[in-house]
Amino acid sequence: MPIGDVQPGDAILADKPVEVSRYRGFTRINHWVTAISLLALAISGLALFHPSFFALTGLFGGGQSTRMLHPWFGVVLLISFFVLFAQLWRLNLWRREDTAWVAHSKDVLEHHEDKLPEIGKYNAGQKVAFWSMAALILVLFATGLVSWQHYFGASTSIEMQRVAILVHAAASIGMVLVVIVHVYAAFWTRGTIRAMTRGTVTGGWAWRHHRKWLRALARDHQAGA
Amino acid sequence: MTTPIATFPNPPVQPAPSRLGEAVIVKRSASAPPPPPAQKLEEVAKLVDVSKCIGCKACQSACVEWNDLQPAVGVNVGAYTNPPDLGADMFTLMRFTEWVNPKTNDFEWLIRKDGCMHCSDPGCLKACPAPGAIVQYSNGVVDFIHENCIGCGYCVKGCPFNIPRISQRDNKAYKCTLCSDRLAVGQEPACAKACPTQAIVFGSKEAMKTHADTRIADLKSRGYADAGLYDPQGVGGTHVMYVLHHADQPQIYANLPQDPKISTVVDLWKGLTKYAGLAAMGLAAAGAVLHGLFAKADRASDEDEQNAVRLVEDPKFREEGANADR
């Protein structure tokens, strides 16, 4: 097995039709903890970002408790995301075919994936989303700490807090945009969401979108059979 | 010697209706501008004449007393400024500065009563995300409405004078109210009432400016050529003003800012980021929904499924098209 083509738990489960395990239970739970904390952050953050969303503080028990909870959601996200990061980062390293994939990204949208190079477990779009999220979460956490009035209000200068909260607002908008792309891409590419719910994808899905990954799994499968 | 310029008789013992309230609010945090009030109150101001201050701290004590604050007993840090900083339980603070005038080589003891300046363009109110937690009345007073405060500390970031403090006890923001509860029944602020030298006077903003002019003329006649009024226009003027004997260098008075204004960073955060950010997020969400409704979804075909079966079954087929550079 070439190092860096598959993750623990990736395997072909059935031959006819082919069913492939893409995410084991631990990774799925990890993903959903991350997703839920991110959603809670986005909702509570929006409530504090723009007055037209302030009513959303009601979901968290009012303004005071939203203000109190938001940074703790951030702590959960940071930990959960980087547990996920530890599992995924290696296969998200940039490869030669990714550059070609980006050059052909129009063909992806026009259903001409046959014109693209074969892709491992993640395509360039997924990799960009992955690294953007990692970077944005680090930025959001650092600037969030500076803005965390209750514990760190006196730790930094007011000028620094102003810059931090501006960067925090800008980065959170970036994060929401990345999440919209991430969620929509999973929805538009039918057969993807089940990878994070049931943990499996069909062979046809893997053939179509991540053929290099499927080949690697097939090699393992044959070696094991 | 000027005569006291405003006198406030003791209040009647009967309860009086409040003159400050919903009806006279002109600005409200995180809310659309309220309808213009039916009648506009006269703009008020507190004038602090630094040159007349003897540093007795009667104002500070009166403030603590009237607002029923209970600051913890502090420690002596070797300065008259005590406590060392404003706090959620200390709305006003005498700041003492020992300064050697480079022109005369004279030692000067500068005493400035620090506290909320009640800006016409309040940075705290601009930054506040909680609807109605900060309001401005038509007489110019900027007030924190604590039941709406969420304790986020944005007002601290918005303020150009570093005034609001967040209580660690109840997580709400506190600062000088200009004794809005006293003003509401026709009384002057507690600090002004307590000041034994009339270094603190209170009245309409116009009257205070006129009074300041006489004080400045007096100071100039006694050799303070740079005496002047501190009513910084960068924040639209303030409703707490100072007469300074060295008005050309306010920063010598415990870092009173030379030209205070709401930070550009705060403007960007509350302006461009807010609107551009909402637009970007809204467009992305709408774009995704529209694409989802009208564009053809990407699906694996039966052929894809058959190819997958073949690939798993047949090692030859598996290796045929494999990328060389895997």
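For clarity, every value in this text was computed on a predicted model and none was experimentally measured.

Participant: Quick rundown of the overall build of chain A? Include the residues and the values.
Facilitator: When its secondary structure is counted, chain A shows 10 helices and 3 strands. Element order for chain A, N to C, with α for helix and β for strand: β-β-α-α-α-α-α-α-α-α-β-α-α. Seen through its principal axes, chain A has C-alpha atoms that stretch 60 × 35 × 30 Å. Relative to its full complement of 225 residues, chain A shows a buried share of 40%. For chain A, restricting intrachain contacts to residue pairs at least 6 apart in sequence, the fraction spanning at least 24 positions comes to 65%.

Participant: Let's hear about the packing of helix α1 (residues 25-49) of chain A against helix α2 (residues 63-88) of chain A: which residues, and what values?
Facilitator: Residues and elements named next belong to chain A. For the pair α1 and α2, interaxial distance at closest approach is 8 Å and the crossing angle is 150 degrees. Here α2 runs roughly antiparallel to α1, going by the angle between their axes. Once α1 is placed against α2, the crossing between them reads as left-handed. Among the residues forming the contact of α1 with α2, the class breakdown is 13 nonpolar, 12 polar and no charged.

Participant: Mind laying out the interface of chain A and chain B, listing which residues take part and the relevant values?
Facilitator: At the junction of the two partners, chain A supplies 54 residues and chain B supplies 49 residues. Counting only elements with at least two residues in the side of chain A that touches chain B, the list comes to β1 (11-15), α2, α3 (96-103), α6 (149-152), α7 (158-188), α9 (203-209) and α10 (211-224) of chain A. Of all the elements, α7(A) adds the most residues to the side of chain A that touches chain B, at 15 residues. Here the residues of the side of chain A that touches chain B sort into 26 nonpolar, 16 polar and 12 charged.

Participant: Kindly report on the sheet that holds strand β9 (residues 200-204) of chain B, identifying the contributing residues and their values.
Facilitator: Residues and elements named next belong to chain B. Taken in spatial order, the 4 strands line up as β9-β2-β11-β10 in an open sheet, and their pairing is mixed. The sheet terminates laterally at β9 and β10 (228-230), the two strands that pair on one side only. Adjacent strand axes in the sheet meet at a mean angle of 25 degrees when their direction is disregarded. Bridging between strand β2 (residues 44-49) and β9 involves 5 bridges; their strand directions are antiparallel. Bridge assignment links L47 to a residue of β9, and that residue is V201. Taken strand by strand, helix α6 (residues 205-221) contacts β2, β9, β10 and β11 (240-244), and its axis lies near 135 degrees from that of β9.

Criteria and cut-off values
Residues numbered from 1 in each chain as written. Chains lettered and ligands numbered in written order. Predicted model: local features only at pLDDT ≥ 70, side-chain atom pairs only at ≥ 80, totals over all residues. Helix = DSSP H or I, 4+ residues; strand = E, 2+ residues; numbered from the N terminus. Buried ≥ 20, exposed ≤ 12 C-beta atoms within 10 Å, placed from the backbone. Contact = placed C-beta atoms within 7 Å. Axes fitted to C-alpha atoms, helices over the stretch in contact; angles between N-to-C directions. Parallel < 35°, antiparallel > 145°, perpendicular 65-115°, else oblique. Left-handed = near helix turned anticlockwise from the far one by under 90°. Nonpolar A, V, L, I, M, F, W, Y, C, P; charged D, E, K, R; others polar. Pairing = 2+ DSSP bridges.

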